[in-house]
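Overview (structure and organization)
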Amino acid sequence: MEIKPDPVCLADFAALARTVLPPRVWDYLDGGSGAEVTLGGNRSALDRVGVVPRVLTGVSTPSLRTRLLGREYAMPVAVAPMAYQRLVHPDGEPALAAAARVADVPYLASILGSTPIEQVTATGAEVWFQLYWLRDRSLVADLLARVRAAGCRALVVTVDVPVLGRRLRDLRNSFRLPPELVPANLPGGRDDLAHGGTPGVTPVAAHRDAAFAPALTWSDLRWLGERCDLPLVVKGILDPADAVRAVDAGARAIVVSNHGGRQLDGAPASATMLPEVVAAVGDRCEVLLDSGIRSGVDVLRALALGAAGVLVGRPMLWALAVGGQPAASSALALLAAEVRDALALAGCADPASARRLRTVPVG
């Protein structure tokens, strides 16, 4: 019998996940919108960031401890919000949240999670709740009360999805959710479209567009900031001017993100826009990077470009698919080892010192 070696990098989890997931599910996870130009651009942009190491700094074992939204975590990493995690493993969101708890990093729970938020927070993880704006504002208020009661530590509003990006792999595959998989955090009766069929539109897109408001405005964000006592995080910012407006509306943190290349195809890579956003907001809020993070070196690159931390998405689903919570814990432990190695090789004692490194274009 062939014995497969344990993964030694996050890409190894991808190779294993592809062997255990149905092809349609793999394409749903792996794909982007349109011709997937932005999806590929996220990786190539990060690969072009050269980090100039410092030497003779006396550092051998860096500390990874970092503060995000006023709380200390084991490393400058959070698990990105991702929908329908039971699609890849029956244990779904609680398993990935438990892995985040073991790693001592934040877990961002999606409003489109396939497990109720109360069961996710029951794992003991530090949970931030990700919100798409519901069409009925009163339902938004009800959900906020539920999220607060469940013990979530922050509210993350995703602002880059007025409509769902056109994802060609899902269209070609006629991808739809299995009937037993529902968005457990939405009010009842809002999931039928996710399992049906509309010509030229994936069921997931039809469901999303029916349930959520396409015309979210800055006044809505201000309304939210005034009524929510949780730290407000705005995810999906690329333009520095939008970042400034988000801070003015009450954001404690900004996530520079193009939704992993799944929304506007042709949008710039998140890493490309990160330095401009950091310069625009200064020390008025924390800035995180999302989209394309695949290694500890990528985390170092993000820190050197000015980020306070990163969100890691697809690699965590790869690991979850391969082996549930134990595999997800292994992936986060491996990432922590890579971050520690990258900091040491760059001459940095901690994540804060990495933000003082120089970067140069390479390749």
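My aim in this report is to walk through the structure given alongside it, one point at a time.

Quick look at the overall build of the chain now. Per the secondary structure count, the chain includes 14 helices and 12 strands. Its C-alpha atoms give the chain a radius of gyration of 19 Å, within 12% of the compact-globule value 21 Å for 363 residues. Viewed in the frame of its principal axes, the chain has a C-alpha envelope of about 60 × 60 × 40 Å. Partitioning the contacts of the chain with sequence separation of at least 6, the portion at a separation of at least 24 is 73%.

Throughout the structure, instances matching the rule amount to 17 salt bridges. Note that aspartate 47 is salt-bridged to arginine 43, the shortest N-O span being 2.5 Å. Here arginine 43 and aspartate 47 lie together in helix α3 (residues 37-47), a separation of 4 residues that amounts to about one turn. On the accessibility criterion, aspartate 47 (41% relative accessible area) is partly exposed. A salt bridge links arginine 284 to aspartate 248; its shortest N-O distance comes to 2.7 Å. With arginine 284 in the loop between α11 (270-281) and β10 (286-289) and aspartate 248 in helix α10 (residues 240-248), this residue pair connects regions lying 36 residues apart in the sequence. What makes arginine 284 partly exposed here is its relative accessible area of 45%. A residue is classified by how much of its surface remains accessible, and aspartate 248, at 51% relative accessible area, is exposed.

To continue, consider helix α6 (residues 137-150). Relative to the 20 Å expected for 14 residues at 1.5 Å per residue, α6 spans 20 Å between its end C-alpha atoms, a close match to the ideal helical length. Buried within α6 we find Leu139, Val140, Leu143, Leu144, Val147 and Ala150. Axial view of α6: buried residues confined to an arc of 145°, hence all on one face. Those residues of α6 that are exposed and angled more than 90 degrees off the buried face are Asp142 and Ala149. Considering only its buried residues, α6 is in contact with α5 (117-121), β6 (127-131), β7 (154-158) and α9 (218-227). Within two residues after α6, glycine 151 carries a phi angle of roughly 100°, on the positive side.

Next up on the list: the nonpolar core. If you look at the biggest cluster of nonpolar residues, it comprises 117 residues, and the most contacted ones within it are Ile111, Leu224, Ile254 and Leu289. Those residues within four positions of leucine 224 in sequence are excluded, and the remaining contacts are Leu131, Trp133, Val140, Leu144, Leu155, Val157 and Leu232.

On to the side chain of threonine 158. Examined against the element boundaries, threonine 158 turns out to sit in strand β7. With relative accessibility at 5%, the residue threonine 158 sits in the buried group. Of note is the side chain of threonine 158, whose polar atom sits 3.0 Å from the side chain of glutamine 130. Those residues in contact with threonine 158 that lie beyond four places of it in its chain are Gln130, Leu131, Tyr132, Leu216, Lys235 and His259.

Rules and cut-offs
Residues numbered from 1 in each chain as written. Predicted model: local features only at pLDDT ≥ 70, side-chain atom pairs only at ≥ 80, totals over all residues. Heavy atoms only, no water. Helix = DSSP H or I, 4+ residues; strand = E, 2+ residues; numbered from the N terminus. Rg over C-alpha atoms; globule rule 2.2 N^0.38 Å. Contact = heavy atoms within 4.5 Å. Salt bridge = Lys/Arg side-chain N within 4 Å of Asp/Glu carboxyl O. Buried < 20%, exposed > 50% of the residue type's maximum accessible area, 1.4 Å probe, protein only. Expected span 1.5 Å × (residues − 1). Arc of directions from axis to C-beta. Core = buried A, V, L, I, M, F, W, Y, C linked by side-chain atoms within 4.5 Å. Polar contact = N/O pair within 3.5 Å; in protein donor to acceptor, adjacent residues only side chain to side chain.

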